[in-house]
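Architecture and fold: a report
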Amino acid sequence: MDEHRLRYLYAALAVLFGLPSLVGGGAAAMLLLLMGLGQFGHGTLASVTLMPLWGLAGMAGCLAWLWLSAGYLMHGRAGLRVRPVWWWMLLAGGLAALPPLGLAAWWSVKVHAEGFGLLLLGPSMLVPAGMLLWLRPRT
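Each chain carries its own residue numbering, running from 1 in the written order of its sequence. Note on the predicted model: pLDDT of at least 70 is required for a residue's local features to be given, and 80 or more for side-chain atom pairs to be given and counted; whole-chain, interface and lining totals, by contrast, use all residues. Where side-chain values are given, they derive from all heavy atoms of the structure, hydrogens and water being excluded.

1. Structural notes on the confidence of the model for the protein chain
Here is the rule: The pLDDT value expresses, per residue, how confident the predictor is, ranging between 0 and 100. By definition, any uninterrupted DSSP run of H or I lasting at least four residues is a helix, any uninterrupted run of E lasting at least two residues is a strand, and each is numbered from the N terminus.
Residues at a pLDDT of 70 or more form 92% of the protein chain, whose mean pLDDT is 82. Mean pLDDT values for the elements of the protein chain range from 72 in helix α5 (residues 98-111) up to 88 in helix α3 (residues 77-81).

2. Focus: α5
What counts here: A helix is expected to span 1.5 Å for every residue after the first. For each residue, the accessible area found with a 1.4 Å probe, counting protein chains only, is set against the maximum for its type, and the residue is called buried under 20%, exposed over 50%, and partly exposed in between. Note that the arc is defined by the directions from the helix axis to the C-beta atoms. By definition, residues are in contact when any of their heavy atoms lie within 4.5 Å.
Over its 14 residues, α5 extends 20 Å from the first C-alpha to the last, a length consistent with the 20 Å expected when each residue adds 1.5 Å. When α5 is considered as a whole, its buried residues turn out to be Pro-100, Leu-101, Ala-105 and Ser-108. One side of α5 holds all its buried residues, which, seen down the axis, span an arc of 135°. Exposed residues lying more than 90 degrees from the buried face of α5 are Leu-103, Trp-107 and Lys-110. Residues of α5 that are buried make contact with α2 (45-75).

3. Some remarks on the nonpolar core
Put simply, the rule is: Among buried residues, the Ala, Val, Leu, Ile, Met, Phe, Trp, Tyr and Cys ones that are joined through side-chain atoms within 4.5 Å form a nonpolar core.
Counting residues in hydrophobic clusters, the biggest one holds 19 residues, and the most contacted among them are Tyr-10, Trp-65, Leu-68, Tyr-72, Leu-80, Leu-91 and Leu-132. Those elements that provide at least two residues to this core are α1 (3-38), α2, α4 (85-93) and α6 (126-135). Setting aside its immediate chain neighbours within four residues, Tyr-10 contacts Trp-65, Ser-69, Tyr-72, Leu-73, Pro-128, Met-131 and Leu-132.

4. Side note on the pattern of salt bridges
Cut-off, in case you're wondering: Salt-bridge detection follows one rule: a side-chain nitrogen of Lys or Arg within 4 Å of a carboxyl oxygen of Asp or Glu.
Enumeration over the complete set of coordinates arrives at two salt bridges. Between Glu-3 and Arg-77 there is a salt bridge; the shortest N-O distance is 3.8 Å. With Glu-3 in helix α1 and Arg-77 in helix α3, the pair connects residues that are 74 residues apart, well separated along the chain. On the accessibility criterion, Glu-3 (27% relative accessible area) is partly exposed.

5. Looking at the packing of aromatic side chains
Filter applied, for reference: Paired rings are identified among Phe, Tyr and Trp, the last through its six-membered ring, by centres lying within 6.5 Å, and are further divided according to the angle between planes into stacked (under 30 degrees), edge-to-face (over 60) and tilted (the rest). A ring is considered to have a charge above it if a Lys NZ or an Arg CZ atom is located within 6 Å of its centre and within 35 degrees of its normal.
Using the criterion set out here, one finds three aromatic pairs in the structure. Relative to Trp-87, the ring of Trp-67 has its centre 5.5 Å away and its plane inclined at 25°; by these criteria the two rings are stacked. On the criterion of sequence distance, the pair formed by Trp-67 in helix α2 and Trp-87 in helix α4 is long-range, its members being 20 residues apart. The class of Trp-87 is buried, set by a relative accessible area of 12%. Measuring from centroid to centroid gives 4.7 Å for Trp-86 and Trp-87, while their planes differ by 25°, and the two rings are stacked. Of the residues examined, Trp-86 reaches a relative accessible area of 47% and is grouped as partly exposed. Cluster of aromatic residues (ring-pair linked, three or more members): Trp-67, Trp-86 and Trp-87. Arg-136 extends its terminal NZ or CZ atom over the ring of Trp-88, reaching a point 4.9 Å from the ring centre.

So, in structure tokens, the structure goes:
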């Protein structure tokens, strides 16, 4: 497949899978961050430390995906080549936000049977992020 068709395919994947996760997952990550910071001095040690850290990890993953996607869509594989390695590390760090999402989905399915809507909060972003990793040049 040539470069232009790959860009069109990636743009379609980004719109169908990435943008809903960016909006929903970014909002959930911000909510986790603010809830954790709001409990400072009142909550338990786990809620004061883990919630903001998971929120930051989710926001870092969303920001890295957005930056790497813009680089690829604007400049192709060369745009991915010039991005520093720490953007890729932030993208991988966004995976740390998946455990609370999985726990919330499990709890929601078991208790309320409404957990399938939580799949839009992050896991669908794995599809375009995986394509970025596949497209990343091996230089």
